[in-house]
Each structure stands twice: as structure tokens, then as C-alpha cells.
Amino acid sequence: MAQSDTKKIFFENLSGAGKAIAVLTSGGDAQGMNAAVRAVVRMGLYVGAKVYFICEGYQGMVDGGENITEATWESVSSMLQVGGTVIGSARCKDFRTHEGRLKAALNLVKLGITNLCVIGGDGSLTGANLFREEWSGLLAELVEQGSIEDQSVQNYSALHIVGMVGSIDNDFCGTDMTIGTDSALHRIIEVVDAIMTTAQSHQRTFVLEVMGRHCGYLALVSALACGADWVLIPEMPPEDGWEEKMCQKLSANRAGMKRLNIIIVAEGAIDRNNKPITTDCIKDLVVKCLGFDTRVTILGHVQRGGTPSAFDRILASRMGVEAVLALLETTANTPACVVSLSGNQSVRLPLMECVQMTQEVQKAMDEKKFEEAVKLRGRSFENNLRTYKLLAHRKPESELPTSNFNVAVLNVGAPAAGMNAAVRSAVRVGISEGHKMFAVNDGFEGFYKGQIKEIKWSDVGGWTGQGGSLLGTKRTLPAKHVDKIAEQMRTHNINALLVIGGFETCDRIKQSASGTKRRVFIIETMGGYCGYLATVAGLAAGADAAYIYEEPFDIRDLQANVEHLTEKMKTSIQRGLVLRNENSNENYTTDFIYQLYTEEGKGVFDCRKNVLGHMQQGGAPSPFDRNFGTKISAKAMQWVTKKLLETFRQGRVFANTEDSCCLLGMRRRALIFQPVVQLKGETDFVHRIPKEQWWLKLRPLMKILAKYKTSYDVSDSGQLEHVVHNRPKDSDASVAM
Ligand code: ADP
């Protein structure tokens, strides 16, 4: 592929030659674990290490034998899209005993394994840390027993451990998102969406139990993503007398033309006296007090099932690569670490500090210190809770402030999943801040034509889950009609404008190539000149190449790819996937590439092409898009209020400074407001993309995992970050939802 990469650091000091790394999955399974295993194996092999699978978690390590096998490049093929864990997971009593760990140590030493990558929850990681601490003692014991030679103790003196958190509950402190959480949210939201469609026909109340015995994350975030009427989580039990309040809320919502109520309950929901609140007791309550037709649905293992989401695949792939780097850089004195994602960056955190903090949350809940429990969960969790309360519970008219400001909301550009969630959030937050909210239909085109009217709290009910743009959107630019738009703004006395658009969010690309043989799929993705979708989908789907505009390619690159695919067909992986962004190159079109590959691959492989087109903008928004839209929009609206108050003088709003017009977006680990004039210099207007694209650094990862010789800019990888206690769990802006 493009030669420019070779300028970057080429693992100068990071050779894995002579090292052996073992990878295992332990505890409850989670979607995305396989992507992590695949990344560890391929990155390990890439740096020249030997890599071993340990099957069946710690049990396999204790039992040894066939449970520990050497991994090859091909052995992790077709794993990326599979749910659960292919190498098996287990709970293991033996590993909790000294004897068990002694056996495990012997099995590792026999194969020269001194690097262990554990994918599991806090229990598994605690076990791993203990094992590491005991390591030299265990080896001494093995020498004493005569099971190993003295020399082995010297050769394998230290055990290096790195952890990756695989847990659908997102219950681990220090990480924004654990592997499997996003997929579990997908499953929950699929169920809620399905229930909503059937339940619209009847007037019903649904009580839905989701997983999370000790952590309310799934319940809270799914409640945000579907606009549930009520949510119960262990970290923040409802105030005494909640039963009555909840029933009032349900009947008020019914009166507001809502035909359906949804109550989401975390498995571990409790009241203020730590007494469990069960779905059945909620049902009985609703039936008794309101007489509503009420049904209980317990999601159970469905949440662990299905294919991992694109987000989990990418998260796990990045973490797997980072884990190998962490192992290579570890010395006997570095504490064991977990790799995770903070904002958009890989970070390494001290394992035991995270485990301890995770345990402190439980302690706080046991001691009924609920405020503290929420705080310990981190800023993103607090923000979720705040946003949920703000949007789900409408304050009575008498309690609302009156700002006398009018704010209009509109959608522009292509419709994108999550836009409606953003509008709902803006409207409701705006109303809560006392503004009169206006909705503009059909973007700037509708605006200059006068398609604008007031929008109320209940008008946006149920909008979170809807695809497309309910306000309507157009690509028309405002420049030609500025005067008419200004006139509309005067007529309606609009003081501020919230423009939602230009997102090209879409994590819905999937491919179903497995099962076929000797075939190369060439898929064209959208994005204008922006290669984000092609690149990230490439990483999520394990593509062989992703051609984009930002990274110019020529005939030599195409040839190299054909040769790569030809080689690949000789192995057991007889499938290829090539992604091409729609505007990646004027002449090397999707048809051209298809024809070139068909010709060059004759007798070796055949080709199929597929232009994804508008289906990429369609469908229901993912939980991530719903919540990202909701939270970013709430933040934008609060900022608008602040600016309006700051610039209001003598009955007028002065919008004449640089920051009168800002773009809110995520930069590294923070959500920041950037004056649009400042962004001018950073934007390539011809191609409608930023001049600098952060995600380009993900491209080498995709290539490494597809077996290309390339280099990887290690500056992306996280140095060990300390003091978890002083660091908020994650930034406001985190990718966490
Ligand atoms: P999770 O990793 O999902 O939290 P568990 O707590 O069940 O799941 O832990 C998985 C396995 O990790 C256990 O079955 C056990 O083998 C090992 N393990 C957990 N805690 C410890 C510990 N304190 N000491 C040794 N091994 C442990």
C-alpha cells in the first residue's frame, strides 16, 4: 500500500522475537472477545513472537495439554464477526487455589510462555495479577519439586500480564467502554424497538429487565436510547415514595397521547434500603395502581448473543494490538496494566488500581452511599444519568424559568442516523432552560421559504429511535438566500440557531462473505471524499484493503493487493474483502477495480462488487448514535443558553464575536466548541473534509491485521496513565455513551 507509512516508527525497539505470548478469555463471554483474540494473535505474529491460545480460560491453563496450542495467522480467520468466544471461557475453581496456579505455572514454563494476555472481567484480572505476583515463588516451588530446572527460573524469571476488559456490563472503572457493552446495547435496543412496534397497537406498559447485577450502565444507557419512562439502577435507587411518583409519571405520559410505557430495570436494581426491586413487583404495582395492561420481558442471555457490533470489533482490535505493544514494553518493574480506550485514544491503566476502584463502587452501594457510587462510576455515567433525568422528566410549567429567548433547530446535509435523537434532546433541553423552541423543516431551503414553527416537548416524543431526519433535510447551502433567512429570523425573533448535520455516522456496514470460497468482494462505501467509513468498516470487517481519497494509491498498490489476494487464496482463508470509498479516485473506479481484479485473479479467485449506496444512511440509529446525538445536542443547547445570557444587553443579543458561531465536536478526549472561522483554515472545502483526519492512524492497524508489511505509528498507543483516583473515569466526550 502507500509508501508514506514507512516514514513512521517501525517498531525499532519492539521486537517480539524469542518471546511467547499466550491469550485467554475468562469469566462471562462477551461479543468482541474474538476480535481481541485475533488482534493479539496477528499483532504478536507480526512482531515476531510465538503466540499460544489457552482454551477454556484458566481451566485450560491449569489442565494444560491440548488446551494450550500454538496459534497461526490463519487460525484466527473468520473470527472477527463471531459472537462469544471461540477459544472458550470458563469459571475455574482450581485457579483460585495455590495448587491450581502451580500447575498453571508449570504448563506455561514448559512452553516458555512469560507473557499473558487475559480478556475477562475484574475477577479474571484479579486472578491474573495474583498469579503474576506469585510467579517467582511458584517457579521456586517447581524447582524444589524437581518439575523444572534451575535454568528455567532464570530464563522465565518474570511473568508479564496485560488485561483487556471483556464484560457486557461496562462495570470496570478506568475504561470508557468494555468489550461487549456496545453489542449488548444493540441487542437491548433491537428488543425495545420490536416491542414498540407491536405495542403501539395496544396500550401497554412494558417492564424490561436487562443485565447488570451490580452495574446499571446497560439499563441507564438503553433507557436514554429509547426514551424510557422510568429506569431503575443499583447505583441510584429511587427516593422513598417512588412508587407513587412512577405511577403519576406513567399516567401523565398516557394522557399526553403516548400509547406505550417502558420501564427498564437493571437486574441488580435496589431500593434505598438495599432491598431488590424486581420486575414482578413493578408489574403488580402498575396493575394495582393504574390498572394498565402490563407485561414483563426478561432479556437474559439474548444480550450476550449475536454478532459483535462494529464498535466492539474496532475497540477489541485496537485493544488487542495495544495489549501486545504493552507486553513488549513491560519490564519486571512495571505494574500489570489493562489497556482501554479513553475518548478516541488507547491508554494503559494500572490493573489493580482499576480493580480496587471497581470494588469500591460495590462497597459504596453496600454502605448506601449512592451519590458516591455514581461518582465512582465516572463522569460519563453521571452525565448519562443527568441527561436521562433532564429529557425524561418534564418539569411542570410553573417550575420552568422563562428566558424570553427563541431558538430554532434545523437539520442540514444528508440524513444521518441519530439526527432525530439530537433534535429531541435540543428541543427538550431548550424548553427546560425556558426558551421557546422552533423547528425548521427541510434545512436552509425550508428556512428561507418560511417553513418554521414552534415545537413542543411532546412533539418529539419517541424520536430517539427513528432513522433519517423527521424535520426533513436538504443539501441546499444558505449563502444564496441569506437575506430571506435573515428575514425569517427577524419575523420569528430567533435569537439562536442550532444546526444539526454533516455527521456521516454510520456503523451499519456489514458483509456476509463467509461461507464462499475463492471470492473477493469489492464494496463501495459512501462518505464523499472522506474515507472514514471505508477505513473503519475495513477494520471492523477485517478487509484486505480500503482505498480512500486521503491516502493516494496507484497501480502499484492495486497490483500489490492483487498479489496479496492471490497468496491468500493459497492459504485456508479463501476470501477477500476490498473497500473503496466512492470518491477515492476519479479513474480507478469501483468498476475498474472490479474488472482489473477479475482479470488478474482469473483461475485463482473471482470477484463480486456491491455499491452500498443509500442503505448506509438508512435504518434505525444504533444505540451509540442515539446517545451521542442526544448528549452532544444537550451540551450544545446548554452552551447556547450560556452564550445568549452572556451577550444579552439592552434587550438585544449581540452575536458579533468569533464564538458566536461554533461547531461542537470531539477532539481527542474532549468535546469542544470551536469557532467556525477558526475551522476555515483546517477545512478542505473543495472535498468537504478536514485537512487533518485523526482516524488515518487507524489504517496501519487494518493493514497489519490483514498481513501487510507496514509500519505503525506507536504514538497512538498509550503510555501508562497513573492515578486513576485523581482522573475522572473518562472525559465527558468519551466514546462511552
Ligand atoms: P469475571 O472475570 O467476569 O469477573 P469471575 O469473577 O467469575 O468473572 O472470574 C473468572 C475466573 O477468574 C474465576 O473462575 C477464577 O478462575 C478466576 N479468579 C477470579 N478471582 C480470582 C482470585 N481472587 N484469585 C484467583 N483467581 C480468580
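Residues numbered from 1 in each chain as written. Predicted model: local features only at pLDDT ≥ 70, side-chain atom pairs only at ≥ 80, totals over all residues. Heavy atoms only, no water.

Here's the deal with the nonpolar core
Generally speaking, a soluble globular protein has its nonpolar side chains buried in company with each other.
Point 1. Counting residues in each nonpolar core, the largest one holds 101 residues, and the members touching the most others are Met164, Ile233 and Ile264.
Point 2. Judged by nonpolar contacts, the second largest core, of 39 residues, contains Ala104, Val118, Trp135 and Leu159. (Core = buried A, V, L, I, M, F, W, Y, C linked by side-chain atoms within 4.5 Å. Buried < 20%, exposed > 50% of the residue type's maximum accessible area, 1.4 Å probe, protein only.)

Observations regarding the packing of aromatic side chains
Point 1. Within this structure, the stated rule accounts for eleven aromatic pairs.
Point 2. Arranged with centres 5.3 Å apart and planes meeting at 65 degrees, the rings of Phe95 and Phe131 form a pair that is edge-to-face. Taken together, the positions of Phe95 in the loop between β3 (68–70) and α3 (98–111) and Phe131 in helix α4 (residues 122–145) put the pair 36 residues apart, joining distant regions of the chain.
Point 3. Overall, the relative accessible area of 0% leaves Phe131 in the buried class.
Point 4. A cation sits over an aromatic face here: Arg649 above Phe654, 4.8 Å from the ring centre.
Point 5. The lysine or arginine in question, Arg652, covers the ring of Phe654, its NZ or CZ lying 5.4 Å from the ring centre. (Phe/Tyr/Trp six-rings, centres within 6.5 Å; stacked < 30°, edge-to-face > 60°. Helix = DSSP H or I, 4+ residues; strand = E, 2+ residues; numbered from the N terminus. Lys NZ or Arg CZ within 6 Å of the ring centre and 35° of its normal.)

Considerations on the sheet that holds strand β11 (residues 345–350)
Across a sheet, paired strands are connected by hydrogen bonds in the backbone, their directions being either parallel or antiparallel.
Point 1. Pairing is mixed in the open sheet, where seven strands are placed in the order β3-β2-β1-β4-β5-β10-β11. Every interior strand has two partners, whereas the edge strands, β3 and β11, have only one. Taking each pair of neighbouring strands and ignoring which way they run, the sheet shows an average axis angle of 25 degrees.
Point 2. The strands touched by helix α11 (residues 351–366) are β5 (160–165), β10 (337–342) and β11; relative to β11, the strand with the most contacts, the crossing angle is about 80 degrees. (Pairing = 2+ DSSP bridges. Axes fitted to C-alpha atoms, helices over the stretch in contact; angles between N-to-C directions. Contact = heavy atoms within 4.5 Å.)

Focus: the sheet that holds strand β7 (residues 230–232)
Point 1. Spatially, β7-β8-β6-β9 is the arrangement adopted by the four strands of the open sheet, whose pairing is parallel. Each having just a single partner strand, β7 and β9 (294–298) make up the two edges of the open sheet. In this sheet, neighbouring strand axes are inclined to one another by 15 degrees on average, regardless of whether the strands run parallel or antiparallel.
Point 2. As paired elements, strand β6 (residues 204–210) and β9 share five bridges and run parallel to each other.

Remember, this is a structural readout, not a statement about activity or role.
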